[in-house]
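Understanding the architecture of this molecule
For reference, the chains in residue letters:
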Amino acid sequence: MSIAALAGITHHFDKDNLFNHVSLTIERNSRFGLIGRNGTGKTTLFEMLAGNLKPVSGSVHVARGRKIAYLTQEPCLPEDKTLYEVVLSSRQDILQLTEDLRNARELVSHNPSPANLLKLGEAEHEFEFAGGYQAEQTLKYILLNLGLLETFWHRPVKSFSGGEKTRIQLAAILATDFDLLLLDEPTNHLDISMIIWLENFLLNSNRPYIIISHDRHFLDKTVTSILELRHGKLHSWGGNYSQYLAEYERRNELQEKEYKAQQKFINRTEDFIRRNMAGQKVAMAKSRLKMLNRMEKIDRVSREKDVKIRFSPASRSGNDVFRLEEVGFGFGDETLARKINLNVFLGDKIAIIGKNGCGKTTLLRILN
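Given the structure is predicted, the values throughout are model-derived calculations rather than measurements. (Residues numbered from 1 in each chain as written. Predicted model: local features only at pLDDT ≥ 70, side-chain atom pairs only at ≥ 80, totals over all residues. Heavy atoms only, no water.)

**Things to note about the overall build of the protein chain**
Keep this limit in mind: Where helices and strands are cited, they refer to DSSP runs of H or I of at least four residues and of E of at least two residues respectively, numbered from the N terminus. Two things to know: the radius of gyration comes from C-alpha atoms, and the globule rule equals 2.2 Å times the number of residues to the power 0.38. To sort residues, take the accessible area from a 1.4 Å probe on protein chains only and compare it with the maximum for the residue type: under 20% means buried, over 50% means exposed, and anything in between is partly exposed. We call two residues in contact when some of their heavy atoms are within 4.5 Å. Using a 1.4 Å probe, accessible areas were evaluated by the Shrake-Rupley method; residue-level cover was limited to the displayed protein chains. Positive charges come from Lys and Arg alone, negative charges from Asp and Glu alone, with His and the N- and C-terminal ends not counted. For charged residues, the charge sits on one atom: NZ in Lys, CZ in Arg, CG in Asp, CD in Glu.
Helix and strand counts for the protein chain stand at eleven helices and eleven strands. In terms of overall dimensions, the protein chain is more spread out than a globule: its C-alpha atoms have a radius of gyration of 29 Å, far above the 21 Å expected for 368 residues. Counting only residues that meet the buried cut, the protein chain has 39% of its 368 residues in that class. Taking as baseline every contact in the protein chain between residues at least 6 positions apart, the subset at least 24 positions apart corresponds to 62%. Working note: accessible area of the protein chain is about 23,200 Å², and carbon and sulfur atoms make up 51% of it. Charged side chains of the protein chain number 51 positive and 45 negative; the gap between the two group centres comes to 12 Å.

Quick look at the structure:
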């Protein structure tokens, strides 16, 4: 039985048609990479699977009792809760069983009757069966591997940067007892060691997932099939991203050859029809005309062009673009950087690198 399915989905925004009768079945072993140009509807497809958006026509089916975990690009987290509270709240089942177990123990401490002891045994069994004793260790394992150290756990979410909030959301989602995982650009705000850990986490998981990503290396490591959204259709390709690219080029070359051969045949046939429609071979000409009308035409390969944008400054700026002298910055009582001295000159091409949370984006905001 499938986990979820899209059946004949059609959707549009205003007059822009996004999907045309798109169908997809997600099985227990599905490991999809979802690709397509910006604006083709990748995130919209996720929103439909997550139940946040209804298609104009067609239907979305999720098997009864199946839970979908969805990582969005813009995290929406309770700002006043601590990091650990947010991640722990992803396991409401464990929290409820913990409360049940605490109540059962409290009851036995006041009245150790056979009935109360039986309730305590049942509560302990349910807690253990649900993985309650391992849940806390799993949470710590995920948090630490995403660079969220114990010193951060009791800080309110509002004190974290945007990239850190994304990692908090990712930790909470990976900790859930999900049946299907939807990841929208999961490697954003992860450094190399975190990406490698996430690759291994997914590969060792026995649950299906779909990943939207522009990270080709990440897709090569984690997916076994590629779903491509193009011109309102969903195309399925076996293999990882590199295998998809090779097969995509091979199919395009074959289609282009078949298109040219068919066009050559059509031109010869139309020429024969023009020359013989009023002559002795009129019957043959009419027969070939019918054949052309019934022929399934091969489309020419459409190559999508990259947008090229050129900016021409009205006048040349000076040679000194930025000069920072003894600059320091941070959030609240936390200092991210101090005594930064930097000269940026016209024509410089600079990369800013560093671990997540060290202040790269903050520095760019200061410059802006």
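**Let's talk about the packing of aromatic side chains**
To keep it simple, the criterion reads: Between the rings of Phe, Tyr and Trp (Trp by its six-membered ring), a pair exists once the centres lie within 6.5 Å; its type follows the angle of the planes, with under 30 degrees stacked, over 60 edge-to-face, and the other angles tilted. Over a ring means this: the NZ of a Lys or the CZ of an Arg is within 6 Å of the ring centre and within 35 degrees of the ring normal.
For the coordinates displayed, the defined rule picks out nine aromatic pairs. Taking the centre distance of 6.1 Å and the plane angle of 70° together, the rings of F152 and F160 count as edge-to-face. Aromatic pair Y244 and Y248: ring centres 5.7 Å apart, planes at 35°, arrangement tilted. Here Y244 pairs with Y248, and both are found in helix α9 (residues 241–276), just four residues apart, close to one helical turn. Taken as a pair, Y244 and Y248 share a single burial class, namely buried. Cation over ring: R155 sits above F152, and NZ or CZ is 5.3 Å from the ring centre.

**As for the nonpolar core**
Under the convention used in this document: To qualify as a nonpolar core, a set must consist of buried Ala, Val, Leu, Ile, Met, Phe, Trp, Tyr and Cys residues joined through side-chain atoms within 4.5 Å.
If you look at the biggest cluster of nonpolar residues, it comprises 44 residues, and the most contacted ones within it are L83, V87, L181 and L202. Broken down by element, the residue count for this core peaks at seven residues, all from helix α6 (residues 162–175). Not counting the four nearest positions on each side in its chain, L83 is found in contact with L143, L148, F152, W153, R155, V157, F160 and I168. Listed in part, the 23 residues of the second largest apolar core include L6, L180, L182 and I210.

**Topic: the pairing of strand β1 (residues 4–13)**
Selection rule: Should DSSP find at least two bridges between two strands, the strands are regarded as paired.
For β1 and strand β4 (residues 57–62), the ladder comprises five bridges, and the chain directions are antiparallel. In the sheet register, T10 faces β4, and the bridge partner there is S57. Direction of pairing for β1 relative to strand β2 (residues 16–26): antiparallel, over a ladder of seven bridges. What sits directly across from A4, in β2, is I26. Counting the residues between successive antiparallel strands, the hairpin from β1 to β2 contains two residues, one of them, D14, with a positive phi of roughly 55°.

**A closer look at the sheet that holds β2**
Put simply, the test is: The convention used is that axes are lines fitted to C-alpha atoms, helices contributing only their stretch in contact, and that angles between N-to-C directions extend from 0 to 180 degrees.
Taken together, the three strands give an open sheet; going across it, the order is β2-β1-β4, and neighbouring strands pair in antiparallel fashion. Of all strands in the sheet, those bounded by a partner on one side alone are β2 and β4. Averaged over all pairs of adjacent strands, the angle between strand axes in this sheet comes to 20°, irrespective of strand direction. In the packing of helix α1 (residues 42–49) onto the sheet, contacts are made with β1, β2 and β4, and the angle to β1 comes to roughly 125°.

**A few points about the side chain of T44**
On the secondary structure map, T44 appears in helix α1. Beyond its immediate sequence surroundings of up to four residues, T44 is in contact with H11, F13, L18, F19 and L53.

**Notes on the sheet that holds strand β9 (residues 233–238)**
With mixed pairing, the six strands of this open sheet are ordered in space as β5-β6-β7-β3-β8-β9. Each edge of the open sheet is held by one strand with a lone partner, namely β5 (68–71) and β9. The mean inter-strand angle of the sheet, taken between neighbouring strand axes irrespective of direction, is 20°. Bridge analysis of strand β8 (residues 225–230) against β9 gives six bridges, and the strand direction is antiparallel.

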